[in-house]
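Chain by chain, the residues run as shown.
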Amino acid sequence: MSMGAYDEVEHERRERKNSEVDMSEDDDRTEYRGSVKYESDESTEELLDQFREINS
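Please provide a residue-by-residue account of the overall build of the protein, values included.
When its secondary structure is counted, the protein shows 2 helices and 0 strands. A total accessible area of about 6200 Å² is found for the protein, and carbon and sulfur atoms account for 48% of it.

This is the structure:
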């Protein structure tokens, strides 16, 4: 078996394995539900300024 053939077989095996993992329907992901409330005396503009500062 040439190296190229091995790579191709290995690649196909991994692709198959990955698609099996992705397609599993009994995926028990934790789903979070809820809400967040934020109370502040600062104006929306002040909060946006802070946000811009953090992201710059």
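Describe the pattern of salt bridges, and please don't skip the residues or the numbers.
Under the criterion given, the structure shown has 4 salt bridges. Between Arg-52 and Asp-49 there is a salt bridge, and its shortest N-O distance comes to 3.2 Å. In this pair, Arg-52 and Asp-49 are both assigned in helix α2 (residues 44–55), 3 residues apart and thus about one turn of the helix distant. Residue Asp-49 is classed as partly exposed on the basis of its relative accessible area, which comes to 39%. Linked through salt bridges whose partners overlap, the residues forming this network are Glu-45, Asp-49 and Arg-52.

Describe a negative patch on the surface, and please don't skip the residues or the numbers.
Residues Asp-7, Glu-8, Glu-12 and Glu-15 make up a contiguous surface patch of negative charge. Note that Asp-7 resides in helix α1 (residues 3–23). The exposure class assigned to Asp-7 is partly exposed, which follows from its relative accessible area of 43%.

Parameters at a glance
- Residues numbered from 1 in each chain as written.
- Predicted model: local features only at pLDDT ≥ 70, side-chain atom pairs only at ≥ 80, totals over all residues.
- Heavy atoms only, no water.
- Helix = DSSP H or I, 4+ residues; strand = E, 2+ residues; numbered from the N terminus.
- Areas by Shrake-Rupley, 256 points an atom, 1.4 Å probe, with all protein chains shown as cover.
- Salt bridge = Lys/Arg side-chain N within 4 Å of Asp/Glu carboxyl O.
- Buried < 20%, exposed > 50% of the residue type's maximum accessible area, 1.4 Å probe, protein only.
- Patch = residues over 30% accessible without salt bridge, like charges linked within 9 Å, V, L, I, M, F, W, Y side chains within 5 Å.
- Lys, Arg positive; Asp, Glu negative; His and termini not counted.
- Charge placed at Lys NZ, Arg CZ, Asp CG, Glu CD.

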